[in-house]
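The lines below spell out each chain.
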Amino acid sequence: MRPPRARGTVGAGPPTRIIAEVLDRACGGEAEVEPCLSPLPVVRLDAIDERIHDLQGARSSLAALVAATEDRQLRDGEG
């Protein structure tokens, strides 16, 4: 009964401990996971969203630095 549920859950990319927690609390048919929800998947999703936000900020800062460096090089005739 667990393999179809496990494949779908693993495909979402959570850590093994979260997969085990979700599968232990799963209900519904064999092909779906309808967790009688532990907060772990929600907490994991929130953590991923926060990390994405942080990475987007870092990327923006780095892109601005690269653009400023390229502009300076063009002005100074280095490019």
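Residues numbered from 1 in each chain as written. Predicted model: local features only at pLDDT ≥ 70, side-chain atom pairs only at ≥ 80, totals over all residues. Heavy atoms only, no water.

## Let's talk about the overall build of the protein chain
Part 1: In terms of regular secondary structure, the protein chain is built from 3 helices and 2 strands.
Part 2: The order of helices and strands in the protein chain, counted from the N terminus, is α-α-β-β-α.
Part 3: For the protein chain, restricting intrachain contacts to residue pairs at least 6 apart in sequence, the fraction spanning at least 24 positions comes to 26%.
Part 4: Summed over its atoms, the accessible surface of the protein chain is roughly 6000 Å², and 57% of this surface lies on carbon and sulfur atoms. (Helix = DSSP H or I, 4+ residues; strand = E, 2+ residues; numbered from the N terminus. Contact = heavy atoms within 4.5 Å. Areas by Shrake-Rupley, 256 points an atom, 1.4 Å probe, with all protein chains shown as cover.)

## Concerning the environment of Pro39
Part 1: Its location among the elements puts Pro39 in the loop between strand 2 (34-35) and helix 3 (40-75).
Part 2: For Pro39, a relative accessible area of 55% puts it in the exposed group.
Part 3: Counting along the chain gives 18 residues from Pro39 to Glu21, while the straight-line C-alpha distance between them is 9.6 Å. (Buried < 20%, exposed > 50% of the residue type's maximum accessible area, 1.4 Å probe, protein only.)

## Here's the deal with a nonpolar patch on the surface
Part 1: A cluster of nonpolar side chains, contributed by Leu62, Leu65 and Val66, occupies part of the molecular surface with about 280 Å² of accessible area.
Part 2: Within the element layout of this structure, Leu65 appears in helix 3. (Patch = residues over 30% accessible without salt bridge, like charges linked within 9 Å, V, L, I, M, F, W, Y side chains within 5 Å. Salt bridge = Lys/Arg side-chain N within 4 Å of Asp/Glu carboxyl O.)

## Remarks on the confidence of the model for the protein chain
Part 1: Of all residues in the protein chain, 62% attain a pLDDT of 70 or more, and the chain-wide mean is 76.
Part 2: The secondary structure element of the protein chain with the lowest average pLDDT is helix 1 (residues 2-11), at 56, and the one with the highest is helix 3, at 91. (pLDDT = per-residue confidence, 0-100.)

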